[in-house]
Amino acid sequence: MNQNMTNLEIAELLRSVAAAFELKNADKNRFRIIAYERAADAVEHESSELKDLWDEGKLKDVPGIGESIAMHLDEIFRTGKSKHLKDVMSGLPKAMFKLMEVPGIGAKTSFKLVKELNISDKNPFNELKKAIKEGKVNNIEGFGEKSASDILQSIEEQKNKSKRILLPYAQRIADEILEWINKDHSVVRAEPLGSLRRKASTIGDIDIAVASKKALQVIEHFCNYPKRVRVLERGERTASIILPSSIQVDLMVQSPESFGSLLQHFTGSKHHNIALREYSIKKGMSLSEYGIKQKGKLLKFKDEEGFYKKLGMEYIPPELREDSGEIEAALQSDIPKLVEIKDIKGDLQIHSDFDIETSHDLGESSMEEIVQKANDLGYEYIALTEHNPSQSGHNKKQFTDILKRKKEKIDKINYSISKDKNKRIQYVFNSLEIDILTDGKLPFDDEVLDILDFALVSIHSSFRKPKDEMTKRVLGAFDHKKVKIFAHPTARLLNERESIELDWPRIFDFCKSNKKYLEIDADPKRLDLPDFLVKEAVDSGVKLSMGTDAHHKNGMDNMIWGISVARRGWTKSSDIINTLSVKEIKKVLLG
DNA sequence: GCCGTTTTCGGCCCGACTGTTTTCAGTCG
């Protein structure tokens with residue numbers, strides 16, 4: 001424990017406390033254990049840092065954190081430790097909490113192993129592995145050959161487990177498995193569910209639901225998937241396999257007349273389902289993957305619409321099912337009509353191969369290829385947004401010359417587009433993605449900027465600066481008249497680089513007052529703004545811009561992933577400037 | 001320990017699978 005614990009560390013602490021309670025008062029108060037686990041979940045789920053919420057006196061606004069836990073956290077943030085939580089965990093070996101990271105090892109198993117084998121805190125995983133190999137584990141009461149070797153395998157898999165899977169890659173893996181599953185003739189329908197169906201930016205496990213009257217046959221077929229490394233479990237209705245890189249695939253089978261309930265159950269999220277079930281209990285209904293039980297009778301649902309309707313709710317799109325207000329909205333028929341890919345009329349961040357003498361990466365496709373691709377996608381407009389020419393080795397005249405050359409080329413393209421009545425595409429914006437320098441300035445002055453139609457700004461260096469300094473830096477650059485869009489605003493790279501720290505409410509206010517726009521960068525390794533900030537931005541009345549950040553014409557197909565983020569952020573088409581017609585967007589960007 | 005669209009007290013989501021047992025505890029999603 002320390003004064004500056006992150007949400008992840010706090011969640012881990014609360015989970016350890018839950019485990020400690022589980023061991024210490026076995027049957028006394030199991031709901032306290034659940035309360036701590038739910039608090040841990042809530043902290044992990046929370047988009048703001050708890051320390052910041054504590055600063056603002058809002059700790060108890062986090063659902064799952066009440067009087068008592070808030071008090072302990074307050075003590076931690078003030079003094080760096082909590083006497084009570086420390087007492088709860090006292091006498092339990094640290095190694096125990098570490099071993100619980102292994103799938104299949106819970107509190108009780110972990111405690112028993114550490115105690116029986118005298119495992120030290122130093123390297124519990126290696127010590128446990130060694131004990132298993134020496135045959136010491138299968139002699140412990142409650143363990144056997146199989147459980148010992150399962151644990152060994154779990155530790156190994158945990159070690160080589162890849163990071164969370166990027167959305168499009170998870171989709172490809174799921175598509176391949178679906179192709180295999182559909183070879184079984186008893187399969188009526190098969191769908192990828194879980195976080196993949198909710199279109200989360202990264203995916204942990206891959207979940208698949210199948211409608212079939214022959215569950216056992218489907219499960220047999222699934223477990224024979226050629227790319228499997230091993231079968232993790234295999235029951236009458238569900239099965240799990242492990243793929244290379246320790247990717248887990250879970251399968252659930254249900255008869256076609258109940259497939260709607262299975263879709264609903266297996267799509268999740270866990271938080272959404274729990275909230276939904278708690279609400280339903282009050283209405284005298286009990287929900288499960290089999291249907292809705294009411295007065296002892298089981299009602300079955302072929303589709304999800306009927307399921308939600310029975311609960312007195314509007315249909316909730318999968319992307320919204322995170323227990324972040326969607327149930328309340330659905331009860332009041334207040335679910336927004338979410339933006340769709342067909343609403344998008346243009347792509348506002350694309351890099352061509354025009355040699356702009358940048359120190360960043362150039363695109364790989366020519367302007368002409370990109371314009372053709374945009375036309376194929378049905379777009380009315382695009383923006384060509386190469387990185388700015390490098391600062392070193394260019395003086396003002398050279399900047400001007402390069403940008404004038406680019407403008408001439410785009411002018412020609414626009415002229416030829418205007419002559420071709422068969423083309424959907426009507427305008428190419430002459431733009432640029434400009435670095436925000438460390439001091440908040442842009443690399444060149446207004447005269448050079450004037451050559452452009454408009455500009456994007458973004459951060460590509462000095463990512464780790466304090467929130468206030470970073471916010472001033474961004475607003476300094478964003479303030480220029482020609483600058484309309486802040487591109488990939490958090491600068492995060494999924495699995496690789498954390499988001500920068502910004503005062504978001506201040507950024508949102510600035511955008512609203514000054515007609516500036518925040519980008520959703522649709523590049524699958526960015527997906528930036530992240531969904532929860534999209535929701536906050538939209539709630540604050542900020543308008544967004546969509547860009548694929550394509551560095552090759554094929555990258556323009558990535559718009560769909562940006563749309564997924566927008567939808568998860570409760571975005572309507574009117575919240576996004578790229579849904580405007582070419583005539584309207586010129587007023588917005590050229591003004 | 002948390003929480004309130006019947007409640008400030010009395011509830012707390014629901015079910016599957018596995019190994020080690022011989023009816024169930026532990027774990028997971």
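Since we're looking at a predicted model, the values are computed, not measured.

What counts, and where the lines are drawn
- Residues numbered from 1 in each chain as written.
- Chains lettered and ligands numbered in written order.
- Predicted model: local features only at pLDDT ≥ 70, side-chain atom pairs only at ≥ 80, totals over all residues.
- Heavy atoms only, no water.
- Salt bridge = Lys/Arg side-chain N within 4 Å of Asp/Glu carboxyl O.
- Buried < 20%, exposed > 50% of the residue type's maximum accessible area, 1.4 Å probe, protein only.
- Pairing = 2+ DSSP bridges.
- Helix = DSSP H or I, 4+ residues; strand = E, 2+ residues; numbered from the N terminus.
- Axes fitted to C-alpha atoms, helices over the stretch in contact; angles between N-to-C directions.
- Contact = heavy atoms within 4.5 Å.
- Core = buried A, V, L, I, M, F, W, Y, C linked by side-chain atoms within 4.5 Å.
- Domains from an automatic or database assignment.
- Buried area = accessible area lost by both parts, 1.4 Å probe.
- Near = heavy atom within 4 Å.
- Polar contact = N/O pair within 3.5 Å; in protein donor to acceptor, adjacent residues only side chain to side chain.

1. Some thoughts on the pattern of salt bridges
Taken as a whole, this structure holds 42 salt bridges when the rule is applied. Across the pair Lys337 and Glu340 runs a salt bridge whose closest N-O atoms are separated by 3.4 Å. We classify Lys337 as exposed; its relative accessible area is 60%. Taking relative accessible area as the criterion, Glu340 reaches 30% and is therefore assigned partly exposed. Linked by salt bridges that have partners in common, Arg15, Asp41, Glu44 and Lys270 make up one network.

2. A word on the sheet that holds strand S18 (residues 544-547)
Taking strand neighbours across the sheet as the criterion, the 5 strands line up as S14-S15-S16-S17-S18 in an open arrangement whose pairing is parallel. The strands lining the two open edges of the sheet, one partner per strand, are strand S14 (433-435) and S18. Averaged over all neighbouring strand pairs, the angle between strand axes comes to 40 degrees, with direction disregarded. Running over the sheet, helix H20 (residues 467-478) touches strand S15 (455-458), strand S16 (483-486) and strand S17 (517-521) and is turned about 145 degrees from S16.

3. Section: the nonpolar core
The biggest cluster of nonpolar side chains holds 98 residues, and the ones touching the most others in it are Ile382 and Leu518. When residues in this core are grouped by element, the largest group, 8 residues, is from helix H10 (residues 167-181). In terms of nonpolar packing, the next biggest core, distinct from the first, is built from 51 residues, Val88, Ala95, Ala107 and Ile155 among them.

4. A look at the domain arrangement of chain A
How big an interface is tends to be expressed through the accessible area that disappears when the partners come together. In terms of domains, chain A is made up of domain 1 (7-160), domain 2 (165-254), domain 3 (267-331) and domain 4 (341-355 + 367-379 + 432-590). Computed from C-alpha coordinates alone, the two centres of domain 2 and domain 3 are separated by 24 Å. With both sides pooled, the region where domain 2 packs onto domain 3 buries about 810 Å², and carbon together with sulfur makes up 44% of that total. Its largest share of buried area at the contact with domain 3, domain 2 owes to Arg197, Arg198 and Gln254, together 69% of the area lost on that side. At the junction of domain 2 and domain 3, the tally comes to 2 salt bridges.

5. Structural notes on the protein's contact with DNA strand B
Near DNA strand B, the surroundings consist of 49 residues, among which Thr109, Gly144, Arg234, Arg277 and Tyr290 are the closest. Each atom of DNA strand B within 4 Å of the protein was assigned to sugar, phosphate or base; sugar and phosphate come to 79%. Contacts to DNA strand B include Gly64, whose backbone N or O atom sits 2.6 Å from a phosphate oxygen. One of the side-chain nitrogen or oxygen atoms of Thr109 is found 2.5 Å away from a phosphate oxygen of DNA strand B. Only helix H2 (30-45), helix H4 (67-79), helix H7 (107-117), helix H9 (145-160), strand S5 (230-234), helix H14 (270-282) and strand S8 (285-288) provide two or more residues apiece to the surface near DNA strand B.

6. Thoughts on the pairing of strand S9 (residues 291-294)
Across 4 bridges, S8 lies against S9 in antiparallel orientation. Residue pairing for S9: Ser288 is matched across the bridge by Gly291. The loop that links S8 with its antiparallel partner S9 comprises 2 residues. Sheet topology places S9 next to strand S10 (residues 297-299); 3 bridges connect them, and they run antiparallel. Its bridge partner lying in S10, Gln294 is registered against Lys297. If you look at the hairpin formed by S9 and S10, you'll find 2 residues sitting between the two strands, and Lys295 has a positive phi there, around 50 degrees.

7. Looking at the environment of Arg230
Mapped onto the secondary structure, Arg230 falls in strand S5. Owing to a relative accessible area of 14%, Arg230 belongs among the buried residues under this scheme. A C-alpha to C-alpha distance of 9.4 Å links Arg230 and Pro244, two positions 14 residues apart in sequence. Filtering out sequence-adjacent residues up to four positions away, Arg230 remains in contact with Gln153, Glu157, Ile241 and Ile242. Within the structure, Arg230 has its side chain in polar contact with the side chain of Gln153 (distance 3.5 Å). Within polar-contact distance, the side chain of Arg230 engages the side chain of Glu157 at 2.8 Å.

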